[in-house]
Amino acid sequence: MPLQTLHDLYVEELRELVSAEDQLVKALPQLAKAASAPELRTAFARHAAETEGHTERLGLILGALDIKTTSIKCKAMAGLIAEAKDLMKMDAHPAVLDLALIGAALRIEHYEIAAYECARTYARRLGHKDAVHLLAQTLEEEEEEEERLGLMADAVILVEAAAATKAAKTKGRQAKK
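Throughout, residues of each chain are indexed from 1 in the direction in which the sequence is written. Residue-level local features of this predicted model are given only where pLDDT is at least 70; pairs of side-chain atoms are given and counted only at 80 or more, and the full residue set underlies all totals for whole chains, interfaces and linings. Each side-chain value is derived from all of the structure's non-hydrogen atoms; neither hydrogens nor water enter the calculation.

Let us look at a negative patch on the surface. Residues Glu117, Glu140, Glu143, Glu144 and Glu147 make up a contiguous surface patch of negative charge. Numbering of helices and strands runs from the N terminus; a helix is a DSSP stretch of H or I covering at least four residues, while a strand is a stretch of E covering at least two. The element contributing the most residues to the negative patch is helix 5 (residues 129–176), with four residues. Among the structural elements, Glu117 can be located in helix 4 (residues 94–126). For Glu117, a relative accessible area of 34% translates into the label partly exposed. Patch membership requires more than 30% relative accessible area and the absence of a salt bridge. Residues of like charge join within 9 Å; the nonpolar side chains Val, Leu, Ile, Met, Phe, Trp and Tyr join within 5 Å. Only the protein chains shown count as cover for residues, and all accessible areas are computed by the Shrake-Rupley method using a 1.4 Å probe. Salt bridge, as applied in this entry: a Lys or Arg side-chain nitrogen positioned within 4 Å of an Asp or Glu carboxyl oxygen. His is not counted here, nor are the chain ends, while Lys and Arg score as positive and Asp and Glu score as negative. Where a charge lies is defined by one atom per residue type: Lys uses NZ, Arg uses CZ, Asp uses CG and Glu uses CD. Partly exposed residues are those whose accessible area sits between 20% and 50% of the maximum for their type, while under 20% is buried and over 50% is exposed, using a 1.4 Å probe and protein chains only.

Written as structure tokens, this is what we have:
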């Protein structure tokens, strides 16, 4: 599809977002399975369900434009997911792997936030008020997920730091004996 107008770019962005969300729906259960912290597994599962809603909204937006909900391969999301899958293959301490998965998920969220901000801006400029509302709703959910992941990373780091401190103290006591 040629990109001659803002409308063309807007449709292209929407189609890439459909692909990104479809890829993420498939990847999140794998991330959940790899996570050791129950709250992280739950977060990934919750986000998978939320992501299905994002895809539905994109379908509504494209339907209002009378455009088939076909996607084009979002290479950025494919790359981010590939990096996350590479992490899952590594020999890592469970808490460290959880942090790595959170980092991968945060990179995904940052990408989605940027893409939804672009789509919302294009929709606003084109006068698609309903789409602006739907995109803003999804953008808000993505920003909330980013915040939750950041807080979860802080919690995992604190737990890991406490465990490391306890292990160091135990090792120090054993050395004195």
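Resuming the write-up.
With that out of the way, let us pick up a nonpolar patch on the surface. A surface patch of nonpolar side chains, about 230 Å² in accessible area, is lined by Leu3, Leu6 and Leu9. Along the polypeptide, Leu9 turns up in helix 1 (residues 6–34).

A side chain of one charge can pair with a side chain of the opposite charge when the charged atoms of the two come close. A full pass over the atoms with the stated rule returns four salt bridges. With its nearest N and O atoms 4.0 Å apart, the salt bridge here joins Arg15 to Glu12. Residue Arg15 and its partner Glu12 are both found in helix 1; the two are separated by three residues, about one turn of the helix. Considered together, Arg15 and Glu12 belong to a single accessibility category, that of buried residues. A salt bridge links Arg148 to Glu145; the shortest N-O distance between them is 2.7 Å. Placement of both Arg148 and Glu145 in helix 5 is noted, with a separation of three residues, approximately one turn of the helix. With a relative accessible area of 1%, Glu145 lands in the buried category. Salt bridges here are not isolated pairs; linked through shared partners, they connect Arg46, Glu145 and Arg148.

A separate point is the packing of helix 1 against helix 3 (residues 75–88). An axis is simply a line fitted to the C-alpha atoms; with a helix, the fit covers only the stretch in contact. Between two such axes, the angle follows the N-to-C directions and lies from 0 to 180 degrees. With their axes 10 Å apart at the nearest point, helix 1 and helix 3 run at an angle of 10 degrees to one another. Classed by the angle they form, the pair helix 1 and helix 3 counts as roughly parallel. In contact with Ala20, Gln23, Leu24, Ala27, Gln30, Leu31 and Ala34 of helix 1, helix 3 contributes Met77, Ala78, Ile81, Ala84, Lys85 and Met88. Here is the rule for angles: anything less than 35 degrees is roughly parallel, anything more than 145 is roughly antiparallel, 65 through 115 is roughly perpendicular, and the remaining ranges are oblique. Residues count as neighbours in contact if any of their non-hydrogen atoms are within 4.5 Å of one another.

Its place among the elements puts Val25 in helix 1. For the pair Val25 and Thr51, spaced 26 residues apart in sequence, the C-alpha separation works out to 6.3 Å. In this structure, Val25 is in contact with Ala48, Thr51 and Glu52, ignoring residues within four places of it in sequence.

Turning to empty space enclosed by the protein, a few remarks are in order. Throughout, the protein atoms alone are placed on a 1 Å grid, and a set of points is a cavity if a 1.4 Å probe fits but cannot get out or a pocket if it is open with protein on both sides within 12 Å along at least five of seven lines; lining residues have an atom within 4 Å of a point. Grid points are joined across faces, edges and corners, and a volume is the space filled by probe spheres set on the points. By the definition in use, this model includes two cavities of 30 Å³ or more. Along the walls of the largest cavity sit Leu24, Leu28, Leu31, Phe44, His47, Ala105, Ile108 and Glu109, which together make up its complete lining. For the lining of the largest cavity, the elements supplying multiple residues, two or more each, are helix 1, helix 2 (38–64) and helix 4. The classification used treats Ala, Val, Leu, Ile, Met, Phe, Trp, Tyr, Cys and Pro as nonpolar, Asp, Glu, Lys and Arg as charged, and all other residues, Gly among them, as polar. A breakdown of the residues in the lining of the largest cavity according to their chemical character gives six nonpolar, one polar and one charged. Taken as a whole, the second largest cavity spans an internal volume of roughly 30 Å³. Of all the secondary-structure elements, those providing two or more residues to the lining of the second largest cavity are helix 1 and helix 3. Sort the elements by how many residues they give to the lining of the second largest cavity and helix 3 lands first, with four residues.

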